[in-house]
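Overview (structure and organization)
In case you want the letters, here they are:
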Amino acid sequence: VQPKCVALRKADETVKLINEKMQRWADEQRIVQDEVKADEQRILQEEAKALEQSRMVAAQKAAEEEQQRQKRELRRQQEELAQRREAAIQWGRNLVEPMPNLVYSGVPPPPPGPAPPATSRGAMGAPPPPPPEPTPVISSSGASMHAVPPPPDDAPRLPPGRPPQQWSQDTQRTWSGGMRRSSR
């Protein structure tokens, strides 16, 4: 075997070894670059996830604050409505006087004077007798007057002989600016 062939074989083997070594280095460099890219993507995904989570927390907090604001507003409106209602109830109460000699038809007034004496049976005795039937008050015209007082003198009266619907359609009514014809 000639020394030239041996030297050529050894040179070929050296070149092959160097090429393999270079290929391994390139593969290792590519693997490292892929790992760096994967790490960067993972970090970006984690940052995006954290950002999304912080946005969700901020949105939930904003929604809770809005809900609390709406509750406060509703409570304020309810309190204001209750105050208005109370003021409306109280308004004019000092100007109202009960009608004298008003007779209520359902419940008779308690008799004036001392209370009736207690029976010897006490609380276990017979039930009290039912209240007497109220007697209707008869007016001078002979009509029965229970709990409904007569209309005031200035109340409008229906003209005789016409039904109420027809009367209300063709009657004149006073209005703040003068007389106005009904337009039903």
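Throughout this description, residue numbers start from 1 for each chain and increase along the sequence as written. Given that the model is predicted, a residue must reach a pLDDT of at least 70 before its local features are reported, and side-chain atom pairs must reach 80 or more before they are shown or counted; all residues, however, enter totals for whole chains, interfaces and linings. Hydrogens are left out, water is left out, and the side-chain values use all remaining heavy atoms of the structure.

1. Focus on the overall build of the protein chain
Each helix corresponds to a stretch of at least 4 residues labelled H or I by DSSP, and each strand to a stretch of at least 2 residues labelled E; elements are numbered beginning at the N terminus. Counting its secondary structure elements, the protein chain contains 2 helices and 4 strands. Going from N to C terminus, the protein chain has its helices and strands arranged as α-β-β-α-β-β. Each residue gets one of three labels from its accessible area relative to the maximum for its type: buried under 20%, exposed over 50%, partly exposed in between, using a 1.4 Å probe on protein chains only. Relative to its 184 residues, the protein chain shows a buried fraction of 3%. Considering only intrachain contacts with a sequence separation of at least 6, the fraction spanning at least 24 residues in the protein chain is 23%. Surface accessibility in these figures is a Shrake-Rupley result with a 1.4 Å probe; residues are shielded only by whichever protein chains are displayed. Only carbon and sulfur atoms are counted for the fraction: they give 58% of the accessible area of the protein chain, which is about 17800 Å². Residue contacts follow a heavy-atom distance rule, with two residues in contact if any of their heavy atoms lie within 4.5 Å.

2. Examining a nonpolar patch on the surface
Within the patch definition used here, like charges are joined within 9 Å and nonpolar side chains (Val, Leu, Ile, Met, Phe, Trp, Tyr) within 5 Å, considering only residues with over 30% relative accessible area and no salt bridge. Each reported salt bridge corresponds to a side-chain nitrogen of Lys or Arg within 4 Å of a carboxyl oxygen of Asp or Glu. A surface patch of nonpolar side chains, amounting to about 350 Å² of accessible area, comprises Ile18, Met22 and Trp25. Looking at where Trp25 falls in the secondary structure, it is placed in helix 1 (residues 3-90).

3. A word on helix 1
A helix is expected to reach a length of 1.5 Å times the quantity of its residues less one. When the terminal C-alpha atoms of helix 1 are compared, their 128 Å separation across 88 residues agrees well with the 130 Å that a helix rising 1.5 Å per residue should span. Within two residues after helix 1, Gly92 carries a phi angle of roughly 80°, on the positive side.

4. Regarding the pattern of salt bridges
By the definition in use, this model includes 8 salt bridges. Salt-bridge contacts for Asp27 lead to Arg30; the nearest nitrogen and oxygen are separated by 3.0 Å. Of this pair, Asp27 and Arg30 are both found in helix 1, 3 residues apart, which corresponds to roughly one turn of the helix. The partner of Glu66 in a salt bridge is Arg69, with the nearest N and O atoms 2.6 Å apart. Within this pair, Glu66 and its partner Arg69 are both found in helix 1, separated by 3 residues, close to a single helical turn.

5. Description of the confidence of the model for the protein chain
Across the chain, each position has a pLDDT score giving the predictor's confidence in that residue, from 0 to 100. Predicted confidence across the protein chain gives a mean pLDDT of 77, with 57% of residues reaching 70 or more. Taken as a whole, residues 166-176 scores under 50 in pLDDT and shows 22 contacts with residues more than four places along the chain or in a different chain.

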